[in-house]
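# Structural overview
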Amino acid sequence: AQVDTLDIVVLVLLLLGSVAYFTKGTYWGVPKDPYATSALNGSAAKKGSRNILEKMDESGKNCVIFYGSQTGTAEDYASRLAKEGSARFGLKTMTADLEDYDYENLDQVPEDKIVFFVMATYGEGEPTDNAVEFWEFMNQDPPSFSENSEEKPLGNLKYVAFGLGNNTYEHYNSMVRNLDKILTKLGGKRIGTAGEGDDGAGTMEEDFLGWKEPMWAALAQEMGLEEREAVYEPVFSVEEREDLDPETDTVYLGEPNKNHLENSQKGPYNAHNPFIAPVAESKELFTVKDRNCLHCEIDVSGSGISYTTGDHIAVWPTNAGMEVDRLIKTFGLEEKRHRVISMKGIDPTAKVPFPTPTTYDAAIRYHMEICAPVSRQFLGTLSAFAPNEEAKKEMAKLGSDADYFKDKISSQMLNVSQAVSAVHPDPWSAVPFSCLVEGLNKLQPRYYSISSSSLVQPEKISITAVVESVRIPGAGHVVKGVTTNYLLALKQKQNGDPDPSPHGLTYAITGPRNKYDGIHVPVHVRHSNFKLPSNPSKPIIMVGPGTGVAPFRGFVAERAAQAAKGDDVGQTVLFYGCRRQAEDWLYKSEWDEYKKVLGDKLTIYNAFSREGPNKVYVQHLLKQNGKSINELLQQKANFYVCGDAAHMAREVNDVLGQIIASERGVDEKKAEQVVKSMRSSGVYQEDVW
Ligand code: FAD
């Protein structure tokens, strides 16, 4: 038979495809590490080191702590376990990002080594982005381990497991629960209990602290470890660079990676590499003075960033100047804030969480989560560096007494600087900078449900964000959300608002070396499964009070555009709620415009909770309209919920069960089953936080 050019092309493509598949991307060279070449200390991202056992042997480790982390908390817990294992028990520990290794040789882990898994559950019981491949591997039946084909291939594996979850989600902590089941089934031996931290109940930190003590005791017994008095040992060396000044062009002043430093940002843009995007427009959506809700249009044209309606955009924030100053003052860094420092992991497996050389100021301003609630364990660690004996004692008490800590620190929502200076107002200059870098999380980008339609505006992404501002009764201070107040400051500046520093907060708005000047903000897009049906004629029901309406603005705009070009658009029903129509009704006038195009295809039910004698919420309106909701569901409508996970989303779930029970004449159990199967088949979709 003749082989023509097309056949050859197809064959070559198939061959390339297979190479790509079997090498898992090793050869197409997208750097896994954010600031490759310049600041990479661990060599995990180097080619050929995806073998964890080899890596452990090379670096003399007997304990690896893998993390599946989305927002940085699991990663932080992994680092803390690594430090503690080393300081208290002399374990040779390392942390490892799940996406940096392969797992075929998990069956070869020798008995004298221990493997920890710190696993966050994301969304609907899903793995975090960095755990996806690991999870696929473990869910093969059975996983394809390299050598051991016995029934219990993990017979030698000793492991420790902790999960981070949120009980307001249906699949609470499903990652750690399922992983534990799989590992046990394959013969692995768990040490201690499989811990579960609950963000929903606000007890994550205490759950973690409570779980780890008995776990350490069990591990010490299992491995014959002797506990010793933990002495602080820095993870990173910090070298002050006399040879460099902040103007030197190799010094990072907040640039997220090397390309940005060299003024040549390039894609792909992702969680390691933001795009510095112009803010095309920003405005206030509320009409009241004491609360703010922002609408921002982010211009991604020319970046190669694409999105589809329902995706999320992440904003990389900058800390408020006041908080940067507070931390610098608290830890006695005022004199040296602009000195250039280089940091390295003292152990080769430790990765510095930001690129260096940099300055103290830039590291704190752009890379460290300095405003978050301080952890009890960290206060205990800091006690060693207290300015006097009394402060030391107080810190040790705060670190060890959960009730005392709650009373003095967490009930007041103090961040690290506030907590430490409340114990003693003088500068805590003895605290090593490494200790702060270890003890505080890496500053995380925050996600927003995109409120525009990609069909209508593919190159402009809109955000609808309520500005976080929590007044603590009796504490005399207001906790200000990091990202939303930064966005508010950008908006004020862009619009030339009379109060350029809202609530007394100022920001380095023009960014490192003025690279964000002209109102730019670093962003990336995360694709989600929260999607309109591909067939526009399918009916949809959307429940989105408050900023939960964000993605539905995109959905409705998309359907209006489809209707305008003559598509047959199905029933589009929105349940929206806010306090008062004159105050916080988001996009009030836009809905009328969509209505003009969609006509009776669009129905909006509004719950104004503070207008009548009784509070009315979307759940109530759903119930009142149970009959038509059930009819739409029977016409194959998709059902969407967005917004508050803690209360609203859960109640909507229950109300839907009640509607199904009463409309279809089935008992509650059966109705619950129906709702569950709607969820698993993708008919019921949630985008909640
Ligand atoms: P943060 O600084 O992160 O603070 C948030 C909260 O943490 C504070 O309000 C306070 O309760 C607590 N906190 C902070 N500091 C302390 C302290 N020292 N002590 C105790 N508690 C403290 N939000 C929207 O407005 N619109 C959206 O469309 C939207 N979509 C989202 C989609 C997804 C998938 C997710 C995960 C979240 C979404 N969010 C959305 C929430 C958003 O990501 C942010 O969490 C929110 O804007 C707050 O960010 P922030 O940096 O301003 O506040």
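### Some points on the packing of helix H20 (residues 626–634) against helix H21 (residues 645–664)
- Put simply, H20 and H21 touch, their axes get as near as 9 Å, and they point 85 degrees apart. Here H20 lies roughly perpendicular to H21, going by the angle between them. Counted together, Gly626, Lys627, Ile629, Asn630, Leu633 and Gln634 of H20 and Leu656, Ile659, Ile660, Glu663 and Arg664 of H21 form the full contact between these two elements.
- Per-class residue counts for the contact of H20 with H21 are 5 nonpolar, 3 polar and 3 charged.

### Points about helix H22 (residues 668–680)
- Look at H22: 18 Å from first C-alpha to last across 13 residues, which is about the 18 Å you get at 1.5 Å a residue.
- Along H22, the positions that sit buried rather than exposed are Ala671, Val674, Val675, Met678 and Arg679. The buried residues of H22 occupy an angular sector of 140 degrees when projected down its axis, which confines them to one face. Facing away from the buried side of H22 by over 90 degrees, the exposed positions are Lys669 and Ser680.
- The secondary structure elements touched by the buried residues of H22 are H20, strand E22 (638–643), H21 and strand E23 (684–688).
- Once H22 finishes, Gly682 follows within two positions and takes phi at roughly 85 degrees, a positive value.

### Points about the sheet that holds strand E12 (residues 340–345)
- Sheet architecture is open: 3 strands sit in the order E8-E12-E13, paired in antiparallel fashion. Two strands close off the open sheet at either side, each with one partner strand: strand E8 (236–240) and strand E13 (358–359).
- With 2 bridges joining them, E12 and E13 adopt antiparallel strand pairing. Following the sheet pairing, Val340 is matched in E13 by Thr359.

### Some thoughts on the side chain of Arg365
- As for its position among the elements, Arg365 is in helix H9 (residues 360–367).
- Judged by relative accessible area, which is 12%, Arg365 ranks as buried.
- With near-sequence residues (within four places) excluded, Arg365 lies in contact with Thr318, Asn319, Gly321, Val324, Arg337, Leu443 and Ala508.

### Here's the deal with the site of the ligand
- In the vicinity of the ligand lie 25 residues, with Tyr447, Tyr448, Glu468, Thr483 and Thr484 positioned nearest.
- Tyr448 is positioned with one of its side-chain polar atoms (N or O) 2.7 Å from an oxygen atom of the ligand.
- One nitrogen or oxygen atom from the main chain of Val466 is found 3.1 Å from an oxygen atom belonging to the ligand.
- Here the ligand has 970 Å² of accessible area as a free molecule, and 80% of this is covered by the chains.
- Counting residues per element, the shell around the ligand draws most heavily on strand E14 (residues 446–449), at 4 residues.
- Each residue belonging to the shell around the ligand can be placed in one class, and the counts come to 14 nonpolar, 8 polar and 3 charged.

### A few points about a negative patch on the surface
- A surface patch of like charges, here negative, comprises Asp644, Glu651, Asp654, Asp667, Glu668 and Glu672.
- Mapped onto the negative patch, the elements with two or more residues apiece are H21 and H22.
- Classification of Glu668 as exposed rests on a relative accessible area of 56%.

Rules of the game
- Residues numbered from 1 in each chain as written.
- Predicted model: local features only at pLDDT ≥ 70, side-chain atom pairs only at ≥ 80, totals over all residues.
- Heavy atoms only, no water.
- Axes fitted to C-alpha atoms, helices over the stretch in contact; angles between N-to-C directions.
- Helix = DSSP H or I, 4+ residues; strand = E, 2+ residues; numbered from the N terminus.
- Parallel < 35°, antiparallel > 145°, perpendicular 65-115°, else oblique.
- Contact = heavy atoms within 4.5 Å.
- Nonpolar A, V, L, I, M, F, W, Y, C, P; charged D, E, K, R; others polar.
- Expected span 1.5 Å × (residues − 1).
- Buried < 20%, exposed > 50% of the residue type's maximum accessible area, 1.4 Å probe, protein only.
- Arc of directions from axis to C-beta.
- Pairing = 2+ DSSP bridges.
- Near = heavy atom within 4 Å.
- Polar contact = N/O pair within 3.5 Å; in protein donor to acceptor, adjacent residues only side chain to side chain.
- Areas by Shrake-Rupley, 256 points an atom, 1.4 Å probe, with all protein chains shown as cover.
- Patch = residues over 30% accessible without salt bridge, like charges linked within 9 Å, V, L, I, M, F, W, Y side chains within 5 Å.
- Salt bridge = Lys/Arg side-chain N within 4 Å of Asp/Glu carboxyl O.
- Lys, Arg positive; Asp, Glu negative; His and termini not counted.
- Charge placed at Lys NZ, Arg CZ, Asp CG, Glu CD.

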